[in-house]
Amino acid sequence: MHNPSLEETFKSLLARRESRSQLRRLTTVSPGMVDFSSNSYLSLASNPDVQRAYLSFLQTHIDNASSSSSSSSSSSSSSPGTATTFPVLGSGGSRLLDGNSSFAETLERDIASFHGAPAGLLFNSGFDANVGLFSCVPQPGDVFVYDELIHASVHDGMRQSRAARRVPFRHNTVSSEHDEASHQSVKSLDAVLQDLTAGESGSSIRQGKTHVFIAIEGVYSMDGDVAPLREVVECVKRRLPGGNGYIIVDEAHSTGIFGRQGRGLVCELGLEDSVFARVHTFGKAMSCSGAIVLSSHTTRSYLINYARTLIYTTAMALPSLASIRVTYDFLMANSAEPLTLHLRQLMSHTHSLLRSLCARHRPTPDLLWLSEEAPKSPIIPLLTSHPRSLAQHCQQRNFMVRPIVAPTVPRGSERVRICLHAGNTMAEVEALSRAIEEWLLSRVQQTVHKAGEEGGNGQGGVANSDAGHVDKAKL
């Protein structure tokens, strides 16, 4: 019998989280809902051409495997249990044991070549790729400098590493022009690197003996903003002229939608040679699962020997590898270009509709706030202090959007996250905009009604614009 105190502790922690409206639950999407929530930006999972190519690929492999098995069984020289093809179901072990295949290695080389990298190494997920990379690459005494909004998987990897320090810099802020303001608790990248190289304590970094790893994302999943990668590269080269600054870019949300044929942000800017490593994941625009770390051949060999999330897990089976192969073939054939064009048109139209809505009704920032800047990615955050209410209103009208609350985002920056997809239509985003406007008007009416009930006690009227204040510097 287990000690009941642990179960009671769990219950208490869950109850506390629920009291703060932070309890996570598993949910399913009802049939018929219009998807404005998933990360499947190119809608490849429902693309008929991709589906047919995938099924055809698997069927061909099964037919070839059956033919090979028949030939082997009829040969007296074949040994019992000999396998000449990659199994259809299950890889059979880790990459270092029986789970590797020439198919996986060819896929790695092709993907690396597509993204302009010397080599690549597949991982079972983006989370595994980041944890494996960040946990083993730093040597004792090395330093991490990371964007304060970097993904949780990077934090987990950094914590498991041998790095001596982990220092955040202010989100997407490279220049130190504004760091004189004393209220800024997190400094710019330039200021952080300046501090690290200053004085006697910074001599090892100045001399190039200590490695500094700079971690950023191509596109940030909650805000949809794009990293100022060119400025980051220039800053690192200027502050670390000894060449001991190593930039790592997580391209999870930029794969498939940035760069020629969806090669990503690094390729779009032509900075392949200025970045130490890239993590491209396949669970977003690619509509698959898994990830690849792009690097030098030496770094790839190092990861094979030291990345525990690769060494101690069963390798991806053929169905997963085949889905990656098929979707990359789709990109390489330029078949995604019409989808990307339509997606960017949706981004512009949706933002215009929502900005018009805000201009008409002028909601207070805590009630509804949208950046004036046109979106650079399919992720459009609508900041509100009532994210659950807005999401529920939209879901009741068959629009799947999700409320994003603390601790996933910093307290005070709660939002409804709108994700656009190539499979969405102009009519759907227009209907979503109308649903959001309905909700906004209902909240305004509730505020006016409450003000009338409170009368002249000085507490009614328009919602306080400071309540649920959003730190726009982080957006």
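What counts, and at which threshold
Residues numbered from 1 in each chain as written. Predicted model: local features only at pLDDT ≥ 70, side-chain atom pairs only at ≥ 80, totals over all residues. Heavy atoms only, no water. Pairing = 2+ DSSP bridges. Helix = DSSP H or I, 4+ residues; strand = E, 2+ residues; numbered from the N terminus. Axes fitted to C-alpha atoms, helices over the stretch in contact; angles between N-to-C directions. Contact = heavy atoms within 4.5 Å. Patch = residues over 30% accessible without salt bridge, like charges linked within 9 Å, V, L, I, M, F, W, Y side chains within 5 Å. Areas by Shrake-Rupley, 256 points an atom, 1.4 Å probe, with all protein chains shown as cover. Salt bridge = Lys/Arg side-chain N within 4 Å of Asp/Glu carboxyl O. Lys, Arg positive; Asp, Glu negative; His and termini not counted. Charge placed at Lys NZ, Arg CZ, Asp CG, Glu CD. Buried < 20%, exposed > 50% of the residue type's maximum accessible area, 1.4 Å probe, protein only. Phe/Tyr/Trp six-rings, centres within 6.5 Å; stacked < 30°, edge-to-face > 60°. Lys NZ or Arg CZ within 6 Å of the ring centre and 35° of its normal.

1. Some points on the sheet that holds strand S9 (residues 379-383)
Each strand in a sheet pairs with its neighbour through backbone hydrogen bonds, running either in the same direction (parallel) or in the opposite one (antiparallel). What the three strands build is an open sheet, ordered S9-S12-S11; its pairing is antiparallel. Here the strands that pair on one side only, and so sit at the sheet edges, are S9 and strand S11 (402-404). Between one strand axis and the next, the sheet turns through 35° on average, direction left out of account. Where S9 lies against strand S12 (residues 415-419), five bridges are found, and the strand directions are antiparallel. In the strand pairing of S12, isoleucine 379 is matched with cysteine 419. Packed onto the sheet, helix H13 (residues 337-361) meets S9 and S12 and runs at close to 15° relative to S9. In this fold helix H14 (residues 387-395) packs onto S9, S11 and S12, with an angle of close to 170° to the strand it touches most, S11.

2. Let's talk about a positive patch on the surface
Together, Arg16, Arg17, Arg20, Arg24 and Arg411 line one region of the surface with positive charge. Here arginine 20 shows up in the loop between helix H1 (4-19) and strand S1 (34-35). Overall, the relative accessible area of 48% leaves arginine 20 in the partly exposed class.

3. Observations concerning the environment of valine 416
Considering the arrangement of structural elements, one finds valine 416 in strand S12. Distance in space between the C-alpha atoms of valine 416 and histidine 386 is 8.9 Å, their sequence separation being 30 residues. With sequence-adjacent residues up to four places away left out, valine 416 is seen in contact with Ile380, Pro381, Leu382, Thr384, Pro387, Leu390, Ala391, Val401, Arg402 and Pro403.

4. Structural notes on the packing of aromatic side chains
Inspection of the entire model under this criterion finds ten aromatic pairs. Centre to centre, the rings of phenylalanine 134 and phenylalanine 144 are 5.7 Å apart; their planes meet at 40°, and the pair counts as tilted. Highlighted residues: phenylalanine 134 in helix H4 (residues 126-136) and phenylalanine 144 in strand S3 (residues 143-147), separated in sequence by ten residues. Aromatic side chains tyrosine 246 and phenylalanine 276 sit 5.3 Å apart centroid to centroid with 80° between the ring planes, which places their arrangement in the edge-to-face category. Linking tyrosine 246 in strand S6 (residues 245-250) with phenylalanine 276 in the loop between helix H9 (265-268) and strand S7 (277-281), this pair joins segments that are 30 residues apart in sequence. Cluster of aromatic residues (ring-pair linked, three or more members): Phe134, Phe144, Phe213, Tyr246 and Phe276. Over the face of the ring belonging to phenylalanine 258 we find arginine 344, whose NZ or CZ atom lies 5.3 Å from the ring centre.

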